[in-house]
Amino acid sequence: MSGGAETAWLDAEQVPELLREVALPRERLDEVAPRTERPRTVEERRDRIAVRLGIIGGSAREALEIGGGVLVR
């Protein structure tokens with residue numbers, strides 16, 4: 001994969017930990033969003049972070065349902 005992005009494969013038994021880690025910033029979006037890049041408003045940044053965390057969490061929950069792992073990039 002290009003762009004210098006690192007990838008990691010999480011086995012099925014690691015997926016619950018991923019869900020716990022995703023929950024941490026979701027619980028603190030009002031603290032996290034103001035510390036991210038501008039020029040977007042804090043509300044826009046908060047919403048974008050929430051959407052991305054939702055995608056990650058949804059993929060992890062799907063993996064749990066089928067007993068699979070997750071590729072994180």
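Residues numbered from 1 in each chain as written. Predicted model: local features only at pLDDT ≥ 70, side-chain atom pairs only at ≥ 80, totals over all residues. Heavy atoms only, no water.

Topic: the overall build of the protein
Scanning the protein from terminus to terminus reveals three helices and two strands. Beginning at the N terminus, the succession of helices and strands in the protein can be written as β-α-α-α-β. C-alpha atoms of the protein, sized along the principal axes, occupy 40 × 30 × 15 Å. Residue burial in the protein is summarised as follows: out of 73 residues, 23% are buried. Of all intrachain contacts in the protein linking residues separated by at least 6 positions in sequence, the fraction that spans at least 24 positions is 65%. Of the roughly 5,600 Å² of accessible surface on the protein, 51% is carried by carbon and sulfur atoms. Counting 12 positive and 14 negative side-chain charges, the protein places the centres of these two groups 6 Å from one another. (Helix = DSSP H or I, 4+ residues; strand = E, 2+ residues; numbered from the N terminus. Buried < 20%, exposed > 50% of the residue type's maximum accessible area, 1.4 Å probe, protein only. Contact = heavy atoms within 4.5 Å. Areas by Shrake-Rupley, 256 points an atom, 1.4 Å probe, with all protein chains shown as cover. Lys, Arg positive; Asp, Glu negative; His and termini not counted. Charge placed at Lys NZ, Arg CZ, Asp CG, Glu CD.)

As for the layout of surface pockets
Put simply, the largest pocket is a space of about 180 Å³. Lining the largest pocket are L18, R52, I55, I56, S59, V70, L71, V72 and R73. Mapped by element, the contributors of at least two residues to the lining of the largest pocket are α3 (42-66) and β2 (70-72). Among the elements that make up the lining of the largest pocket, the one with the highest residue count is α3 (four residues). Taken together, the residues of the lining of the largest pocket break down into six nonpolar, one polar and two charged. Considering only enclosed or pocket space, the second largest pocket measures out at about 150 Å³ in volume. What lines the second largest pocket is simply T36, E37, R38, R40, R45, R48, I49 and R52. (1 Å grid on protein atoms, 1.4 Å probe; cavity = no way out; pocket = protein on both sides within 12 Å on 5 of 7 lines; lining within 4 Å. Points joined across faces, edges and corners; volume = space filled by probe spheres on them. Nonpolar A, V, L, I, M, F, W, Y, C, P; charged D, E, K, R; others polar.)

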